[in-house]
Amino acid sequence: MPVLRKRRLWAGVAMAALALSFAGTGQASAADTNNAKNAGFESGLTNWTCTAGSGTTVSSPVHSGASALKGTPAGQDNAQCTQSVAVKPNSTYTLSAWVQGGYSYLGVTGTGTTDVSTWTPDTSSWKQLSTTFTTGASTTSVSVYTHGWYGQAAYYADDISVYGPDGGGGGDPAPTVPAAPTGVSVSSTTSSSVSLAWSTVSGATGYNVYRNGTKITAVTGTSATVTGLVASTSYSFQVTATNSAGESGKSATVTGTTTATGGNGGGSLPKHAVTGYWQNFNNGATVQKLSAVSSQYDIIAVAFADATTTPGAVSFTLDSAGLGGYTVDQFKADIAAKHAAGKKVVISIGGQNGTISVSDSASAANFANSVYSLMQTYGFDGVDIDLENGINATYMTQALRSLSSKAGSSLVITMAPQTIDMQSTSNAYFQTALNIKDILTVVNMQYYNSGTMLGCDGKVYGQGTVDFLTALACIQLQGGLAPSQVGLGLPASTSAAGSGYVSPSIVNNALDCLTAGTNCGTFKPSKTYPDLRGAMTWSTNWDASAGSSWSNSVGAHVHALP
C-alpha cells in the first residue's frame, strides 16, 4: 500500500503515449526473408548493441528458443538495443517483435522515408508489436531498435524480424514447424475452469489448446485457463505449438476434472463491505491490536508479509516490540475473535517497499504454498495482492489458482492496484483480476498518490474529486469486473498518503453516484451499479489517529447501501 510513493511516469508522458497507435501486422510474401540477424538472441547479444550495458540475454521468459533479450532502464537510460540491418532501396518491410514486461517500444530509423515506431504498456505475457516501413531510393541499411521507458520495469524482447526483400546482409533461416509440446499438465481446477501448463517448445511463437478434440483458444505463453466448464465433469486436453511455418502435432492427452463447488470469492461477506489495512509496524499512526480495529471493517488486511530468500515465497513476523509487546498468541486469538464477529482477516503481500516476485511456475508454487502455510498458522482467510513493483499476470494467476485449490471456496482474494494499473484491460493487474474473476473477492484500487488519469469516457480527471472516483471506477465496471468486485480505496486522513485524500462525504457521494446515480459530479455513469462492493482505506491505524472519522462515516454509509 503506497504511502508516499513518487510516480516516475508523468501524466504528460502518459498522454503523449496515448497519441501513438499500433500498426497492423503485415503479411510477408513467399520471397521475403527475415533480414535481422540473431533475431531470437540465441547467440547472446551478437549483432546487437545496447546502451549503457542495459541489455542482457536470459533463459526465462522466452517467446521461443532458449534465449530472449532483457533490457533494464536505469536513470536517464531507456535500455535501447539496436541492430544495423541490410535492406534494398525502394522496398517495403514488416518490422515485428514479441515483447513482455515493462513498457516496450519497437522502431526503425534511417529508412530514407518516414521512420516508424510502435509500443505497448506493460504486459505480463508475450505480445507482438508490428509495423511497416518503406526504404528510400538510396537506402541500403536501417537501424532497428527496441527500448523500454525511463523509471519503468525491465522489458523482454524476442523473435525480432524485418521481413521483406533480401537486403544481402544475411539473416536468420526461415522457421520450421515446431515439435509437439511436452510436459502438459493440469495445474489447478475450480468448479468452472481447468488451468493447464506445458514446457516451452523451441521455435514456437504460439500454442493452440484443444478440449475434447476441438480447438478452443490460442495463447502465446506456456499456460492457459479454460473457463465456462461444468462442475464435477472430466475433460480431455491437448496442446499444439505454432509458428509461421505451421502447426505441430497434438501433445499427449491430459484429463482435468472440475470441482464440485466453485469459489465464491470470500464466503459469507456482506453484500457491501469495508476493507481496512492494519499496520504491523509503527509509523506514527495509532498503534493497534487487531482487537481494537473498528467493527465497521469487514475485511482486515494485515500489512505486510515479508519476502524470503526463496523466489516467490513469503513469511510473516509479528512486530511485537513495535506494537507494545503484542504477542503471537494474542494476535491469533484476536483473529479468531474477528472470525466469531463475522469478519475476514487476510495477509497483504507487497506494499510500497514489497519485493516479492512471482515470475515463473516455481515461484508461483512457492507463493501459493507459503501463503497457504500462513493461513494455516495464523488463521488468515486469504490474501491481498498489493504488489507495486510489477506483476506477472500469467504466473500470479497460476499462484492464486493453486492457492484456491488448497484453501477451497471460502478463500478471500483482494487486490489493491494503483490507478495506472487499471487504466486498461491489457495491464497486468487488470489481466490478473479478470483471469481469476471466478474466485476474486474485490479490487480496491488506490485512488490516491496518483495525479491525473483517464476516466472511462476518455476525459482526464484529477484526484481528490467525486469525478475521479466514479470515472475511474467505471473503467473496471465496464472492463469486465462484477460490481461486487469493485471497491473505492482512499486514505483515512491527510497523514495517510502523500496526496489524494478526500473527506468521507466525497467518498459517500461517489458511492451514491455509482450505486444510485445521485450526488454525482460532472461525470455520471451510463448505468448504476447497486451491487458495488464498497470501500477501502489505508489504514485502520490512521483512521484511529483521526478519531475513526473515516470508518464511522464511510463504514456506516457502505453498510446502509441497499
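You'll find the structure just up there.
What counts as what
All residue numbers refer to positions counted from 1 along the written sequence of the respective chain. With the structure being a predicted model, the display of local features is reserved for residues of pLDDT at least 70 and the display and counting of side-chain atom pairs for 80 or more, all residues being used for whole-chain, interface and lining totals. The side-chain figures draw on all heavy atoms in the structure; neither hydrogens nor water molecules are used. By convention a nonpolar core is built from buried Ala, Val, Leu, Ile, Met, Phe, Trp, Tyr and Cys residues, the set being connected through side-chain atoms within 4.5 Å. Buried residues are those whose accessible area, probed at 1.4 Å on protein chains only, stays under 20% of the maximum for their type, while exposed residues exceed 50% and partly exposed ones sit between those limits. Note on pairing: two strands pair once DSSP finds at least 2 bridges between them. Secondary structure elements are defined from DSSP: runs of H or I of at least 4 residues count as helices, runs of E of at least 2 residues count as strands, and each element is numbered from the N terminus. Note on terminology: disulfide denotes any pair of cysteine sulfur atoms within 2.5 Å.

### Overview of the nonpolar core
Okay, step 1: Judged by nonpolar contacts, the single largest core of 101 residues is most densely connected at F331 and F367.
Okay, step 2: Listed in part, the 25 residues of the second largest apolar core include W48, C50, A79 and Y93.

### Topic: the sheet that holds strand β2 (residues 49–50)
Okay, step 1: Taken in spatial order, the 5 strands make up an open sheet running β2-β5-β10-β7-β8, and their pairing is antiparallel. Every interior strand has two partners, whereas the edge strands, β2 and β8 (116–120), have only one.
Okay, step 2: Here 6 bridges tie strand β5 (residues 81–86) to strand β10 (residues 141–147), and the two strands are oriented antiparallel to one another. When the bridges of β10 are listed, T82 appears paired with Y145.

### Observations regarding the pairing of strand β11 (residues 155–164)
Okay, step 1: Within β11, 9 of the 10 residues are buried, leaving the element largely enclosed by the surrounding structure.
Okay, step 2: Summarising the sheet, strand β1 (residues 33–34) and β11 pair through 2 bridges and their orientation is antiparallel. Paired with N34 across the two strands is Y163, which belongs to β11.
Okay, step 3: Alignment of strand β4 (residues 68–71) against β11, held across 3 bridges, turns out to be antiparallel. Bridging from a neighbouring strand, K70 pairs with Y156 of β11.
Okay, step 4: As paired elements, strand β6 (residues 92–101) and β11 share 7 bridges and run antiparallel to each other. Its bridge partner being in β11, G101 is matched across the sheet by Y155.

### Regarding the state of the cysteines
Okay, step 1: Applying the stated rule across the entire model yields 3 disulfides.
Okay, step 2: Bridging C50 to C81, the disulfide has an S-S length of 2.0 Å. Measuring the twist about the S-S bond at about 110°, one finds the C50-C81 disulfide to be right-handed. Highlighted residues: C50 in strand β2 and C81 in strand β5, separated in sequence by 31 residues. Note on accessibility: C50 and C81 belong to one class, buried.
Okay, step 3: In this model, C513 is linked to C520 through a disulfide, with the two sulfur atoms separated by 2.1 Å. On the sign convention where negative means left-handed, the S-S torsion of about 100° between C513 and C520 marks this disulfide as right-handed.
Okay, step 4: Indicated for the protein is the disulfide connectivity 1-2, 3-4, 5-6, based on numbering the bonded cysteines in sequence order.

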